[in-house]
Amino acid sequence: MNDSQNKDTSSLTSSVQDYNGQGFIYKEGSKTTEIVTANIKEISESAKNYMKLKYNQDVNINNVVPALGAAVVHVSSKDKLDYFTSVIVSLDTNENPPKLSTTSQQYEVEKAIVSGLYHYAYAEEFKKVDSFAKEVTEKWDVVGLNEKAVEKTSSSGYVTPFYYISVSPIDFEDIYKKYMENPSMSLVDVRGLFEEKHINPEDLKLNISFRFFMSKKGAKADKKVADEIIQKLKSVTGFPVGSYAVFVYGNTIVNKDGMGEGSSFGTVPTVDDINIK
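Because the structure is predicted, anything quoted here is derived from the model rather than measured.

Looking at the overall build of the protein
Helices and strands together make up the secondary structure of the protein, namely nine helices and twelve strands. For the protein, whose C-alpha radius of gyration is 19 Å, the value lies close to the compact-globule estimate of 19 Å for 277 residues. Counting only C-alpha atoms and orienting by the principal axes, one finds that the protein spans roughly 60 × 50 × 25 Å. Buried positions account for 50% of the 277 residues belonging to the protein. For the protein, contacts bridging at least 24 residues in sequence account for 70% of all contacts bridging at least 6. As displayed, the protein offers around 13,400 Å² of accessible surface, 48% of which is attributable to carbon and sulfur atoms. With 32 positive and 38 negative side-chain charges, the protein shows a separation of 2 Å between the mean positions of the two kinds.

The structure is reproduced here in structure tokens:
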């Protein structure tokens, strides 16, 4: 269950170091918290069954989050692909126990699977991305999200504390279909599918977004730090093809949505895109 059911969530924000997903909830979710809590086992099983029957994917349940008339179940993959996604379990409260109906937002699971496939295909290159993120935290006063926060709040594909991969499921629909037809295909075969696309980040939506937070408690986003990280990023070599972005937030997280406070309260985070071909 969402940590909001187990901890004092009277505070609306937390420092990034202290944020583990507490208070994370969807709009109007407070109205269904009680019924979601009472039926969490059945909701979790419904989500697992949906992912297995519709996508042939075995998943872990990471969080069951109350929403308006439903629960959003955050899951992560169990198999060779590494990704996060979510499904929606609607609750018909006219019946007791409530009738459950499970679905997902259009392309939500598909884009998560393709994101995981891309990381899987270029795992060696992504080790350089990981090293870059580590170097940034050592040189500048920035940190990433806690692992627990990533687990509890992520639903958008391959995600680490420092960056995430987002793709257009439409641009990569052919790769998704070929993989789903043969999920046992080798790493070499999966990589071959992407190489056949001759990916141009200016034409295809394939984004790798870095997400850093100021490490000093109470600190605001520092544009100078963001600009320096961007300049460092422009000098790297050996990264996977994609359009890269850098976001630098202040130290504060808004509990209910897990986002950096700046973006939620109107301050646009510093961002720059760098195409690597």
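What to know about helix H7 (residues 187-197)
Within the span of H7, buried status applies to Val190, Gly192, Leu193 and Phe194. Positive phi shows up at His198, right after H7, with a value of about 50°.

Quick notes on the side chain of Ser46
Within the secondary structure, Ser46 is located in helix H2 (residues 40-55). Among the polar contacts made by the side chain of Ser46, one reaches the side chain of Thr102 at a distance of 2.4 Å. With residues up to four places along the chain from it excluded, the contact list for Ser46 reads Val89, Leu100 and Thr102.

Some points on the sheet that holds strand E11 (residues 259-260)
The pairing of strands in a sheet comes from backbone hydrogen bonds and takes either a parallel or an antiparallel form. One open sheet accounts for three strands, arranged E1-E10-E11; its pairing is antiparallel. Only two strands of the sheet have a single partner each, and these edge strands are strand E1 (13-15) and E11. Here strand E10 (residues 252-254) runs beside E11; their pairing, made up of two bridges, is antiparallel. Residue pairing in the sheet places Ile253 in a bridge with Gly260 of E11.

A look at the pattern of salt bridges
For the coordinates displayed, the defined rule picks out 13 salt bridges. Its salt-bridge partner being Lys127, residue Glu124 comes within 2.9 Å of it at the nearest N-O pair. Here Glu124 and its partner Lys127 are both found in helix H4 (residues 123-139), three residues apart, which amounts to about one turn of the helix. Among the residues examined, Lys127 registers a relative accessible area of 47% and is labelled partly exposed. Between Lys197 and Asp174 there is a salt bridge whose closest N-O contact spans 3.4 Å. Linking Lys197 in helix H7 with Asp174 in helix H6 (residues 173-181), this pair joins segments that are 23 residues apart in sequence.

Conventions we followed
- Residues numbered from 1 in each chain as written.
- Predicted model: local features only at pLDDT ≥ 70, side-chain atom pairs only at ≥ 80, totals over all residues.
- Heavy atoms only, no water.
- Helix = DSSP H or I, 4+ residues; strand = E, 2+ residues; numbered from the N terminus.
- Rg over C-alpha atoms; globule rule 2.2 N^0.38 Å.
- Buried < 20%, exposed > 50% of the residue type's maximum accessible area, 1.4 Å probe, protein only.
- Contact = heavy atoms within 4.5 Å.
- Areas by Shrake-Rupley, 256 points an atom, 1.4 Å probe, with all protein chains shown as cover.
- Lys, Arg positive; Asp, Glu negative; His and termini not counted.
- Charge placed at Lys NZ, Arg CZ, Asp CG, Glu CD.
- Polar contact = N/O pair within 3.5 Å; in protein donor to acceptor, adjacent residues only side chain to side chain.
- Pairing = 2+ DSSP bridges.
- Salt bridge = Lys/Arg side-chain N within 4 Å of Asp/Glu carboxyl O.

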